[in-house]
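An overview of the molecular structure
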Amino acid sequence: MKENFIIRWIITMTICTIILCASMGYASDPWSKADLQREVAAITLNIMDFGTTVYMRKEYANRGVYEANFLLGRDVSDLELGLVTLGSSLLHIKLVDWLSPKNRPYAQWAFIGVKGIAVGNTLRVWVGFAF
């Protein structure tokens, strides 16, 4: 089961990276190296959020672990989570692309912060189950 999960996660990250790089050619304003690095970090955290959630739900299903996202609900499938991850990554890339270079970092740091908190919370719960 873990091998299949890791392969799907790697495929998803690869697809998001390809889409991100492809979208750079159509940017309204050129992206700086720092813009690209922040966006890769944001998409990586988004994928980590997906990966840790799916893994934890499978591993700790007998302990009542469920998705706590109020928009998705408790009984969301892995496919739905994956589609939301892919969709939110693509949407974020496009929205950030429309922003001016001056405002782009604010949107990226906000997304990184939200996703960092989500991943951190999942890992906190995960570590809490280990003890």
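All of the points below concern the structure found in this document. These numbers were taken from a predicted model, which means no experiment stands behind them. (Residues numbered from 1 in each chain as written. Predicted model: local features only at pLDDT ≥ 70, side-chain atom pairs only at ≥ 80, totals over all residues. Heavy atoms only, no water.)

**A short note on the packing of helix α2 (residues 33–59) against helix α3 (residues 78–98)**
- At their nearest, the axes of α2 and α3 sit 10 Å apart, and the two run at 170° to each other. Considered as vectors, α2 and α3 are oriented roughly antiparallel to each other. Together, E39, A42, I43, N46, I47, F50, T53, V54, R57 and K58 of α2 and D78, L81, G82, T85, S88, S89, H92, I93 and V96 of α3 make up the contact between the two elements.
- Residue composition of the contact of α2 with α3, by class: eight nonpolar, seven polar and four charged. (Axes fitted to C-alpha atoms, helices over the stretch in contact; angles between N-to-C directions. Helix = DSSP H or I, 4+ residues; strand = E, 2+ residues; numbered from the N terminus. Parallel < 35°, antiparallel > 145°, perpendicular 65-115°, else oblique. Contact = heavy atoms within 4.5 Å. Nonpolar A, V, L, I, M, F, W, Y, C, P; charged D, E, K, R; others polar.)

**Looking at the side chain of T53**
- With respect to the helices and strands, T53 occurs in helix α2.
- From its side chain, T53 meets the backbone oxygen of D49 in a polar contact 2.7 Å long. (Polar contact = N/O pair within 3.5 Å; in protein donor to acceptor, adjacent residues only side chain to side chain.)

**Observations concerning a nonpolar patch on the surface**
- A surface patch of nonpolar side chains, about 350 Å² in accessible area, is lined by L91, L95 and W98.
- For L91, a relative accessible area of 51% gives the class exposed. (Patch = residues over 30% accessible without salt bridge, like charges linked within 9 Å, V, L, I, M, F, W, Y side chains within 5 Å. Areas by Shrake-Rupley, 256 points an atom, 1.4 Å probe, with all protein chains shown as cover. Salt bridge = Lys/Arg side-chain N within 4 Å of Asp/Glu carboxyl O. Buried < 20%, exposed > 50% of the residue type's maximum accessible area, 1.4 Å probe, protein only.)

**A closer look at the pattern of salt bridges**
- Applying the stated criterion across every chain, the model contains four salt bridges.
- A salt bridge links R104 to D35; the nearest nitrogen and oxygen atoms lie 3.1 Å apart. Taken as a pair, R104 in helix α4 (residues 104–130) and D35 in helix α2 lie far apart in primary sequence, 69 residues in all.
- For R104, a relative accessible area of 0% translates into the label buried.
- Residues joined by salt bridges that share partners form a network here, namely D35, R38 and R104.

**Structural notes on the environment of I93**
- Within the secondary structure, I93 is located in helix α3.
- C-alpha separation for the pair I93 and E39, spaced 54 residues apart in sequence, amounts to 7.4 Å.

**Some points on the side chain of T122**
- Structurally, T122 is set in helix α4.
- Looking at T122, its side chain comes within polar contact range of the main-chain oxygen of A118, at 3.0 Å.
- Every residue in contact with T122, bar those within four places of it in the chain, is listed here: D49, T52, T53 and M56.

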